[in-house]
Every structure is written in C-alpha cells, then in structure tokens.
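# Report on the structure
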Amino acid sequence: MLIRFAAWRPDNALLNSPYASDIKNVLCAEASYLPFPQLRPFSQAVPAQPLGGITVRDNSGGVHIFVGTATKLYKLNTATLAWTDVSKPATTYAATADNRWRFKQYGNYVVAVNINNDPQVYQLNSSTTFDDLAGNPPRAKHIAVCGDFLCLMDDTTFYWSEVDDISVWSGGNAGSQSFPDGGIIQGATDTTNPVIFQKAAIRWAQFIPGSTEVFSFQKRHDQRGCASPYSICTRGEFTFFADVGAFYQINSDGSQILPIGFEKVDRTFFGDISGPALTTIFGEIDPFYPRVYFAVARGNSESTLFNGLLVYDWQIGEWTQIETSASIYFPLPSGTIGYTLEGLDAIGDLESLPYSLDSKVWQGGAPVMAAIDADFKLGFFQGGAAEATLVTQEMGDTAGGRQRLSQATPIVDVDNLWKITVSVGARFRRSDAFVWGAERVPSSNTGVVQVRSRAGYHKFKLRIEAEASWSHAQGIDVTATSAGLR
C-alpha cells in the first residue's frame, strides 16, 4: 500500500485526513516533493546589518547588487566580492528596522528610499556614489515603477514623476493623490495601472494617456488591506501580499482577491506571530517558477531575524515550509555574476570557491534566488539539498481496528540509501500522543525498512540528509495487515 506524501495543510484536522502532517525543506511538485537547495555564502560580509537590497542588470547586461544598512549604501564589487561604500559623500543615513530601504530600478538608474532621508539615485556604469534624486521629490517609505512613471509613497500620498523623467516632480504630467480614508499606504504594484495597498483599503490607479488627471483612482476593497508593506510582490499579472491573519493573491486591476492560505496555513502561521513579525513579512516571487516566498519570523514578535520561509506554488495551489536562520533575510530574483579570469584570480584559490564554475552563479544572465545570510553575506540558493523531513498523513481505523506493520519502503530516488531514514509513529487511541520509533536505514539491497508495530493509528516519517542527491520523494510503500479489534 503506497501512502503518498500528500499536500501540507496544517490548518486541517489530520486524523484520517488526506493531508500530510509535516513537510519541511522541500518544494511542491505535481505528485511528489522536490529538494530545496541550501543557501551558500558568496560574498564577503556587509559591514552592518542590511535593511534592504536589490539586484539589477544594466543596459548592457551587467549585474549590480546593492544593499542598504542603517547608515550607509553599499555596492558589491564583483571582482573582490567585497562591499564598496557608495553612499552620498559626507552622509550618514537614518534607515531603521521599521523604516527600511526600498530600491527600484528605473532604466539605467537605481533609486533608493526610506522615509528618514531624501530619495537617493545611482546611475549604473556612470555613478560612483549615490546622490539626492533631482527635482525635490518627497521622502518616501515605498517606491514603484508604474509604466513610464517612477512612483513614491509616504503614509497618505501617492506621487508620480514626469513621464520618462525621474528628475521632474512638479508640473507637466507629474502629480500626486492623497487618500482620505483606508489608513496609511503600504505600497503598490510595479504595473502601468498599479494596485495601491493601504492598511484598510485597496485601490486601483488607471493611467489615462492624454488626460490632465494622468491617473484615475478607484477604491476596490474597503476594510481589506495589507499588514506588511514588504510582503507585496508582483510578477506580471501575479501579485501576492499578507494581511492580518491571511495570505492573498490579487488580480491585475485589484478587483478580485484569492485567499491562498485559507484552511491551509493561515490559522497555523498567523497564530504564531504578532507585532513586528506580522508587519515585516517579506515577499518575493521566484524568477522562473510559479512560486512565491514569504520570509517570516515565527515565535518571537520582537525578533528582527527571519527564521523561515513559507513557499506557495500557485499552479499547484499548495504550500511548503523551509527552516532557515538568517539576519534580515530577503529572497530576491538575482541576476548572476558573470566571471572573468581576473575576477576569479582576485578571489583567490579556486578550490575555496563556494560554487563550481559550471554553477548558474557564474553564468552571467542566469537568474537565481539569493539572500543575505545571518553573517551578512550574500548567498545564492545553489547549494546541496537541505535536510528534508516528510511525514505522511495518519492512517487508522476510527472504529477501533488495529494494524500490524512489517515493512516500509521509501519511494525516493536518492543516490545513496544510507542518506535516508524511516521512522514509524504510532498510537492506539485518538487521545494518545504519537510515539515515534527509532529511525531506520533501508536495506542497501532491497530498499526496504523492516518495522514492527501494532497500533490503531500510524504515520511515517522520511528524513533525507543534507547534501544527499535526489530528485523526487513520493511516499512510503507499507506492508500492513489487520490485527483485529481492541
């Protein structure tokens, strides 16, 4: 009897349900789970705790990586993998954990904002430091690129620049719109007709070419908004965000909201966070696959560290969770670092490189997921597989029948059976706690684990060691017979 590793829905009752009770450090597939690659450090450490970052390509395809700390802005030197201070000269910035840096690319410019400093701009392949953005733009908490406009947002007002000119913020087509209700502005989508999120409202701005109004604004939802401004993430027509108690997907004009975590992860996850942990959820969309990553700080409302990822696959409609420990953890779609012989020589001994030379990290133009780790080092998710745990749904007879198990065979295409273990959880009554047996390694000849268990209810745990090479984990093939009634 094959017991497949089912969808992970911790909000659902697990007794005799079709859902898995625990899934960690894997990604969803249609009929299996996939390994999740570990984050491997790549750069030297940022001099202080990062409070935002961005990876961009210039017009010629070159890759540039920026981060902001409380007081400085830095750019990665791709030859030495050290961070160069590119702050405006003689300037000490005032970003905070509550007012972080937000970055956007506009053409060949990178613009960085936080509400405590004037907007900063850096021209790729020309600037050596950031400088104040021209045109006397407002200080802003949030930033978006909406068609040909650069848009800035403070608590109550949505501003936009002149068309194709981010140095003009008054006159012409530049303008602003304040909202009388709906609470503070939390951000907007990077679309020509942006969806604008407030604390307790969602609006849609429609660009009207040739009109003196430039944008028209419609309130799409009242008393529904966004709790974490950092959770808003967009790729094409797909936008995701986190509100109080739930994760959502919204369509391109803001008219339809889909509760993607309802009766799946919302109740479990949001019951474990509060305060700053709710308002700093960070969202990012995979550059290739239909997945959105929410970086979260669970269990400690005062923590500034992200300690996990919740990953939603919107084509399959299911979730997984990733255990991680990182400082100001932000997954971002990263262009990769093209290498030169001079650059590799500057790094040092090639055997000490964190990635092989055929890794995507070194292939210029191949985007991969990246993050800043707990040691403030830039890394890419290109390492070996993380240690994975997959627990099946519970099987048993609610009428009081007993089952006797004799064998369990993990269905996983691992390169070495010694890198996986299987354990059996058992209980006689629904009111009992599960007792887990010892982890056992499959036979190297047959792949079978010999088990001995008699109970009313069973479930099975597969653990795959870190760095093991595998592609798909499908389930546990179990040999069981009836052992009568209690």
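In case you missed it, the structure is sitting above this.
Predicted model only: the values in this text are computed from it and were never measured.

All right, on to the sheet that holds strand E10 (residues 102-106) then. Sheet architecture is open: four strands sit in the order E10-E11-E12-E13, paired in antiparallel fashion. Each of the sheet's edge strands pairs with one partner strand only, and the pair in question is E10 and strand E13 (131-132). Across five bridges, E10 lies against strand E11 (residues 109-114) in antiparallel orientation. Across the sheet, the residue bridging to Lys104 is Val111, located in E11.

Turning next to the side chain of His142. One can find His142 in strand E14 (residues 142-146). Given the relative accessible area of 5%, His142 is considered buried. In terms of polar contacts, His142 uses its side chain to reach the side chain of Arg102, at 3.1 Å. There is a polar contact of 3.4 Å between the side chain of His142 and the backbone oxygen of Ile185. Setting aside residues up to four positions removed in sequence, His142 forms contacts with Arg102, Val113, Cys151, Leu152, Met153, Ile185, Gln186, Gly187 and Pro229.

With that settled, consider the environment of Ile420. With respect to the helices and strands, Ile420 occurs in strand E36 (residues 420-427). Residues Ile420 and Thr389, spaced 31 residues apart in sequence, show a C-alpha to C-alpha distance of 10.0 Å. Discounting chain neighbours no more than four positions away, the residues touching Ile420 are Pro410, Val412, Val414, Arg440, Val441, Pro442, Leu462, Arg463 and Ile464.

For the structure on display, the rule yields zero disulfides. Cys151 takes part in no disulfide bond, and the closest cysteine sulfur, belonging to Cys146, lies 3.5 Å away. Cys151 sits in the buried class, given a relative accessible area of 0%.

Let's shift gears to the sheet that holds strand E23 (residues 238-243). One open sheet accounts for four strands, arranged E22-E23-E24-E25; its pairing is antiparallel. In the strand order of this sheet, the two ends are held by strand E22 (233-235) and strand E25 (257-259), each with one partner. Taking each pair of neighbouring strands and ignoring which way they run, the sheet shows an average axis angle of 25°. Relative to strand E24 (residues 246-250), E23 runs antiparallel, the two being bridged by five bridges. In the strand pairing of E24, Phe240 is matched with Gln249.

Inspection of the entire model under this criterion finds 19 salt bridges. In this structure, Lys104 engages Asp190 in a salt bridge whose closest nitrogen and oxygen atoms are separated by 2.5 Å. Of the two residues, Lys104 is situated in strand E10 and Asp190 in the loop between strand E18 (185-188) and strand E19 (195-198); the sequence distance between them amounts to 86 residues. Classification of Asp190 as partly exposed rests on a relative accessible area of 33%. Between Asp432 and Arg429 there is a salt bridge, with the nearest N and O atoms lying 3.1 Å from each other. Each of Asp181, Arg203, Lys219 and Asp222 takes part in salt bridges that share partners, so that together they form one network.

What follows is about the nonpolar core. Of all hydrophobic cores here, the largest spans 52 residues; its most connected members are Phe247, Ile281, Leu390, Leu462, Ile464 and Trp470. Setting aside residues no more than four positions away along its own chain, Trp470 makes contact with Val26, Tyr33, Leu34, Pro35, Ala385, Ala388, Val412, Asp413, Val414 and Ile464.

Here the focus is unusual backbone geometry. Phi at Asp164 takes a positive value of approximately 60°, unusual for a residue other than glycine. For Asp164, the position within the fold is in the loop between strand E16 (157-160) and strand E17 (175-178). Its identity as a non-glycine residue notwithstanding, Phe376 has a phi of 70°, on the positive side. Tracing the backbone shows Phe376 in the loop between strand E31 (368-372) and strand E32 (377-385). The exposure class assigned to Phe376 is partly exposed, which follows from its relative accessible area of 22%.

The rules we used
- One numbering rule holds for all chains: residues counted from 1, following each sequence as written.
- With the structure being a predicted model, the display of local features is reserved for residues of pLDDT at least 70 and the display and counting of side-chain atom pairs for 80 or more, all residues being used for whole-chain, interface and lining totals.
- The basis for the side-chain values is all heavy atoms of the structure; hydrogens and waters are excluded.
- Here a strand pair is declared whenever DSSP counts at least two bridges between the two strands.
- A run of DSSP states H or I qualifies as a helix once it reaches four residues; a run of E qualifies as a strand once it reaches two. Both are numbered from the N-terminal end.
- A simple rule labels every residue: compare its accessible area, found with a 1.4 Å probe on the protein chains alone, to the largest value its type can have, and call it buried under 20%, exposed over 50%, or partly exposed in between.
- Polar contacts, as counted here, are pairs of nitrogen or oxygen atoms within 3.5 Å of one another; within protein the pair requires one atom able to donate a hydrogen and one able to accept it, and residues that are adjacent in sequence qualify only if both atoms are side-chain atoms.
- Residues are treated as being in contact if the distance between any of their heavy atoms lies within 4.5 Å.
- Disulfide assignment relies on a single distance test, namely cysteine sulfur atoms paired within 2.5 Å.
- Axes here mean lines fitted to C-alpha atoms, for a helix over just the part in contact, with angles spanning 0 to 180 degrees between N-to-C directions.
- A carboxyl oxygen of Asp or Glu within 4 Å of a side-chain nitrogen of Lys or Arg is what we treat as a salt bridge.
- In this description, a nonpolar core means a group of buried Ala, Val, Leu, Ile, Met, Phe, Trp, Tyr and Cys residues linked to one another through side-chain atoms lying within 4.5 Å.

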